[in-house]
Amino acid sequence: MTPSVSPQDLVARLRATFDAGRTRSFEWRRAQLQALRRLLIERESELAAALNADLGKSLFEAVNTETGFVLKEVDYALRHLQRWMRGHRARTPMMVWPGSSRVQPVPKGVVLIIGAWNYPVELLGSPLVAALAAGNAIVLKPSEVAASTSAALATLLPQYLDNEAVTVVEGDADVTTRLLEQRFDHILYTGNERVGRIVMSAAARHLTPVTLELGGKSPCIVSADADIDVAAARIAWAKFLNAGQTCIAPDYVLVEESARQPLLAALRERLLKSYGEDPSRSADYGRIVNARHLARLQASLTGLKIHVGGQIDPGSRYLAPTIVVDPPLDSALMQEEIFGPILPVLSVKDAAQAIAFVRERPAPLALYAFTRDRALQRQVSEDLQAGSACINDAIVFRVSPQLPFGGIGPSGMGRYGGWYGFETFSHMKAVMKRSFRFDVELRYPPYNATKLWWMRRL
């Protein structure tokens, strides 16, 4: 947003575009998705360079978790867009025959998408795919914390997308606050719970629906019957991807006592295999986004028992992959979302104690369990509250565009991904169409016992 354009004027311009019907057609939606697809392919190197500057992401990680992820969402939406737009028929009650009923998806209008800094392409791009597919005009607000990626998106997106319907607004919290003063038809925010409350409060002034993806402390249960080596490899990958700055990363591990030492040994071995003796030299290990977050993470390690890692280099924003054993439950590490490459491992007597531990705490965004026990798998899948659950792996449920992504309770509300994103940014309008024929007098006054008898049966 240039200084000469106020948020009010910006939203008014987008609303005029939407009201003119420009974004509603299948052709427009398809063209915008195809243009976004070209951007992701043609400008991959520029986006990867920005991601490396902000977070130290390798090219593999940038493609796997950012540009390639959004590209897959685009392709899925393009394959299904016509069917999604058609809506579906619904049963018409006998009393209103002859007639027909259907559910017709229509775009909501002008929507605001506020991205996060930890996956600045994916967490802006994935909702963007859904909002375009649903036919909306869109304001995109990338996170200023990932400054290089924000600048890249602000430069590249206008070169490919319809500037009369999609705009990128850069800036700090004051800019976001000014945007939130405007009336939008939907707001999607990814970030922390504190700002989520601010977004929800601002939206309430206009009765604007919101989707909030807020993270939380995602538990990981490891039972004694699990394949410990495989569990360690998958947990370590999921935790230390993006230097632990992932909202659905395992935040802590609850392991049965008999499997504790084997798991700790396997985690150490996996870190050595993945990142070498000195992870700071590994091209595949990322960096903390800024000095403030590094200082926060460093402070959280004070006085704790470190099994492996803990090395810090403020100059390069480096914090080694770190495993902490049995931290106090009242420590910052166990009270707040870690959002960094620190993995607490806590012992539990058995799976029942692990289940009770998770149940006593706020519902997380994700929940993981490594076990062959069908009963424990069922408890994790069905009984415990969480945005998503994954058995015998971590994070990988996000690769499926057929699964919804979203939180529950303090970890968020609403969902997106694939059809669910299209649904989030659409209004599912109920449409009934009737004939002028057979206009029976049953429903019209004056009423009598005979009409009541027929009404009850119909």
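Higher on the page you've got the structure.
Definitions and cut-offs
- Residues numbered from 1 in each chain as written.
- Predicted model: local features only at pLDDT ≥ 70, side-chain atom pairs only at ≥ 80, totals over all residues.
- Heavy atoms only, no water.
- Phe/Tyr/Trp six-rings, centres within 6.5 Å; stacked < 30°, edge-to-face > 60°.
- Helix = DSSP H or I, 4+ residues; strand = E, 2+ residues; numbered from the N terminus.
- Buried < 20%, exposed > 50% of the residue type's maximum accessible area, 1.4 Å probe, protein only.
- Axes fitted to C-alpha atoms, helices over the stretch in contact; angles between N-to-C directions.
- Parallel < 35°, antiparallel > 145°, perpendicular 65-115°, else oblique.
- Contact = heavy atoms within 4.5 Å.
- Nonpolar A, V, L, I, M, F, W, Y, C, P; charged D, E, K, R; others polar.
- Pairing = 2+ DSSP bridges.
- Salt bridge = Lys/Arg side-chain N within 4 Å of Asp/Glu carboxyl O.
- Left-handed = near helix turned anticlockwise from the far one by under 90°.

A. Spatial organisation of the packing of aromatic side chains. Applying the stated criterion across every chain, the model contains 10 aromatic pairs. Centroid distance Trp84 to Phe422: 5.3 Å. Interplanar angle 40 degrees. Geometry classified as tilted. Linking Trp84 in helix 4 (residues 59–86) with Phe422 in helix 15 (residues 419–424), this pair joins segments that are 338 residues apart in sequence. As far as burial versus exposure is concerned, Trp84 and Phe422 are alike and both buried. Pairwise contacts between aromatic rings join Tyr76, Trp84, Trp419 and Phe422 into one cluster.

B. A look at the packing of helix 2 (residues 26–42) against helix 5 (residues 122–133). Direction vectors running N to C along helix 2 and helix 5 enclose 160 degrees, while the axes themselves pass 9 Å from each other. Our classification of the angle between helix 2 and helix 5 gives roughly antiparallel. Of the residues in helix 5, those touching helix 2 at Trp28, Arg29, Gln32, Leu33 and Leu36 are Leu128, Val129, Leu132 and Ala133. Residues that form the contact of helix 2 with helix 5 fall into these classes: seven nonpolar, one polar and one charged.

C. Region of interest: the pairing of strand 4 (residues 137–141). Judged by how many residues are buried, strand 4 sits mostly within the fold: five of five residues are covered. Of the two faces of strand 4, the one lined by Ala137, Val139 and Lys141 and the one lined by Ile138 and Leu140 are each fully buried. Pairing of strand 3 (residues 110–114) with strand 4 involves five bridges; the strand directions are parallel. Pairing of Val110 across the sheet is with Ala137, part of strand 4.

D. Broad picture of the pattern of salt bridges. The tally for this structure, following the rule as stated, stands at 18 salt bridges. The partner of Arg378 in a salt bridge is Glu382, and the shortest N-O contact between them spans 3.9 Å. Linking Arg378 with Glu382, this pair stays in helix 14 (residues 374–383), spanning four residues, or about one helical turn. Residue class for Glu382 comes out exposed when judged on its relative accessible area of 59%. Each member of the salt-bridge network shares a partner with another, and the members are Arg15, Arg183 and Asp185.

E. Looking closely at the packing of helix 9 (residues 228–240) against helix 10 (residues 257–275). Relative to each other, helix 9 and helix 10 sit at 55 degrees, their axes nearing to 8 Å. The orientation of helix 9 with respect to helix 10, classified from their angle, is oblique. As for how helix 9 packs across helix 10, the hand of that crossing is right-handed. Residues Ile228, Asp229, Ala232, Ala233, Ile235, Ala236 and Phe240 of helix 9 touch helix 10, and the partners they reach there are Ala259, Pro262, Leu263, Ala266, Leu267, Arg270, Leu271 and Tyr275. Considered class by class, the residues forming the contact of helix 9 with helix 10 number 13 nonpolar, no polar and two charged.

F. Representation of the sheet that holds strand 13 (residues 322–325) in the model. Strand order in the open sheet formed by seven strands is 10-13-14-9-8-15-16, and the pairing between neighbours is mixed. Looking at strand neighbours, the two that pair on one side only are strand 10 (306–308) and strand 16 (388–391), the edges of this open sheet. Adjacent strand axes in the sheet meet at a mean angle of 25 degrees when their direction is disregarded. By the bridge criterion, four bridges tie strand 13 to strand 14 (residues 342–348) in an arrangement that is parallel. Counted as the bridge partner of Val325 is Val345 from strand 14. The sheet contacts of helix 10 involve strand 8 (219–222), strand 9 (252–256), strand 10, strand 13 and strand 14, and relative to strand 9 the element is tilted by about 135 degrees.

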